[in-house]
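Observations on chain architecture
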Amino acid sequence: MPLKGLKVLPNPVFSELPQNYRLSEEQKSFYWENGYLVIKELIDFTSLYSYKQRFLQICKGIVDSPVMIVKEQALFEKNLKPEEYINKLQEILYDDVFMTYGEHPRLLDVISQFIGDDITAIHSMFINKPPGTARHPPHQDLFYFPIRPVDKIIGSWTAVDHVNKDNGCLYVIPKSHKQDILYPHGDVPEAGKLYHGILNEETLAPEHARVSVDMAPGDTVLLHPRLLHGSGPNRTQRHRKAITVHFASSACEYVDVRGSVQERLAADVQAAATRRGLRVSYQDIWRYKSKQVKGVRSNL
Ligand SMILES: O=C(O)CCC(=O)C(=O)O
Ligand SMILES: [Fe+2]
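Residues numbered from 1 in each chain as written. Chains lettered and ligands numbered in written order. Predicted model: local features only at pLDDT ≥ 70, side-chain atom pairs only at ≥ 80, totals over all residues. Heavy atoms only, no water.

Overview of the site of ligand 1
Surveying the vicinity of ligand 1 reveals the residues M125, I127, K129, H136, H139, D141, W157, L170, H229, S231 and R240. At 2.6 Å from an oxygen atom of ligand 1 is found a side-chain nitrogen or oxygen belonging to S231. Alone, ligand 1 offers 290 Å² of accessible surface; in the complex the protein occludes 92% of this. Taken together, the elements giving at least two residues each to the shell around ligand 1 come down to β4 (119-127), β5 (136-139) and β13 (229-231). Classifying every residue of the shell around ligand 1 gives four nonpolar, four polar and three charged. (Near = heavy atom within 4 Å. Polar contact = N/O pair within 3.5 Å; in protein donor to acceptor, adjacent residues only side chain to side chain. Areas by Shrake-Rupley, 256 points an atom, 1.4 Å probe, with all protein chains shown as cover. Helix = DSSP H or I, 4+ residues; strand = E, 2+ residues; numbered from the N terminus. Nonpolar A, V, L, I, M, F, W, Y, C, P; charged D, E, K, R; others polar.)

Here is the structure:
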């Protein structure tokens, strides 16, 4: 019988590694110059293990969790086990176990060295990427966020499994965040309906400008929200698990995206909410799904 309602206590003690992490000047300037920064072994194995376990418990339906489950349709149609077709879990900030990532003291210490001590987590996912998953086309995360200023938003993506080119690791286009351009995004070939990518991607930097980010479990890459990045298909028999949260300074503001390239997505998201009987603005949706993780909540 499923143990619905089983309460799994979060593990607030991260004993394997120190709770703080001081960045060097070189690391900080690498981030601002290139739009990304890899930090080796930032997250401890106890935490990573608890995220893997939580994912499997959710797949098996033995715990209650408020996360949103996203399936890869082509894999779902093959009658596989849930962990072989569930591509990702969204909105993980209010899950008892996954929330320990967005509130991880060592990660927040790093984040505060870029955006200050008042931090709101705005977007969150656990990504499974099972064997056979399609590519995630090149995109800019800022396309999704009705929040500015851009330099006060930062993404954190931690490898839970080993990730390399074969199982669809991330790639980045270094320095692409430096141009003050937010590209139009939409449906693109081979990416299914799950992901938006930049339209006319052939006009972007050539393939060889892409830098693959191979990572071991616990390694973490920080991403500037305007940086062009994506990931390849998973061509192996291994999963490619990762956990990711975007953070913004709580002093950021919601902005009106009408008249911008973000307008259509905002209208689609709002229309979907309206169909479910929710009369809320796009900004309200972002307000509901975000969470204060450090300091004082002000504008967001
Ligand atoms: O994990 C991936 O493959 C890509 C994740 C990503 O860039 C995103 O969801 O915005
Ligand atoms: Fe992304």
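What to know about the nonpolar core
With 39 residues, the main nonpolar core has L89, F98, F114, F126, L222 and F247 as its most contacted residues. Broken down by element, this core gets its largest block of residues, six residues, from helix α6 (residues 105-115). Those residues in contact with F98, other than ones at most four positions away along the chain, are Y51, R54, F55, I58, V67, L89, I92, F126 and I243. Counting 16 residues, the second-largest nonpolar core is a separate cluster that includes I122, V257, Y282 and L300. (Core = buried A, V, L, I, M, F, W, Y, C linked by side-chain atoms within 4.5 Å. Buried < 20%, exposed > 50% of the residue type's maximum accessible area, 1.4 Å probe, protein only. Contact = heavy atoms within 4.5 Å.)

Things to note about the coordination of the iron ion (ligand 2)
Bound to the iron ion (ligand 2) on the protein side are H139 (NE2), D141 (OD) and H229 (NE2), at distances that span 2.1 to 2.2 Å. Read N to C, the donor residues that coordinate the iron ion (ligand 2) are spaced as H-x1-D-x87-H. One end of the pair, D141, is in the loop between β5 and β6 (147-148); the other, H229, is in strand β13, with 88 residues separating them in the sequence. (Donors = N, O, S within 2.8 Å, 3.2 Å for Na, K, Ca; no water.)

Comments concerning the confidence of the model for the protein
Keep in mind that low pLDDT regions are not for reading the predicted coordinates in detail. Summarising the model, the protein shows a mean pLDDT of 91, and 93% of its residues fall at 70 or more. Taken over the whole predicted complex, pTM reads 0.92, whereas the ipTM for its chain interfaces reads 0.98. (pLDDT = per-residue confidence, 0-100.)

Quick notes on the environment of V97
Along the chain, the position of V97 falls in the loop between β3 (86-90) and α5 (99-102). When its relative accessible area of 5% is taken as the criterion, V97 is described as buried. Sequence separation between V97 and S65 is 32 residues, and the spatial gap between their C-alpha atoms is 9.4 Å.

Details of the sheet that holds strand β8 (residues 170-172)
In space, the four strands of this open sheet follow the order β5-β13-β8-β11, with antiparallel pairing throughout. Where the open sheet ends on each side, the last strands, each with one partner, are β5 and β11 (211-213). Between one strand and the next, the sheet's axes are offset by a mean angle of 20 degrees, whatever the strand orientation. Bridging between β5 and β13 involves two bridges; their strand directions are antiparallel. Its bridge partner being in β13, H139 is matched across the sheet by H229. (Pairing = 2+ DSSP bridges. Axes fitted to C-alpha atoms, helices over the stretch in contact; angles between N-to-C directions.)

A word on unusual backbone geometry
In this structure, the amide linkage connecting R148 to the following residue, P149, adopts the cis form with an omega of 5 degrees. Mapped onto the fold, P149 is located in the loop between β6 and β7 (153-159). The phi dihedral of N79 is positive, around 60 degrees, even though this residue is not glycine. As for its position among the elements, N79 is in the loop between α3 (73-76) and α4 (82-85). For N79, a relative accessible area of 74% puts it in the exposed group. Here E91, not a glycine, exhibits a phi torsion of approximately 55 degrees, which is positive. The class for E91 is partly exposed, based on a relative accessible area of 23%.

A look at the packing of aromatic side chains
This structure, assessed with the given rule, holds 12 aromatic pairs. For the ring pair F30 and Y36, a centre distance of 5.3 Å and an interplane angle of 80 degrees mean the geometry is edge-to-face. Owing to a relative accessible area of 34%, F30 belongs among the partly exposed residues under this scheme. Given a relative accessible area of 11%, Y36 falls into the buried group. Centre to centre, the rings of F145 and W286 are 5.4 Å apart; their planes meet at 80 degrees, and the pair counts as edge-to-face. Placement of F145 in the loop between β5 and β6 and of W286 in helix α8 (residues 282-289) is noted, with a sequence separation of 141 residues between them. On the basis of relative accessibility, which here comes to 1%, the residue F145 falls in the buried class. (Phe/Tyr/Trp six-rings, centres within 6.5 Å; stacked < 30°, edge-to-face > 60°.)

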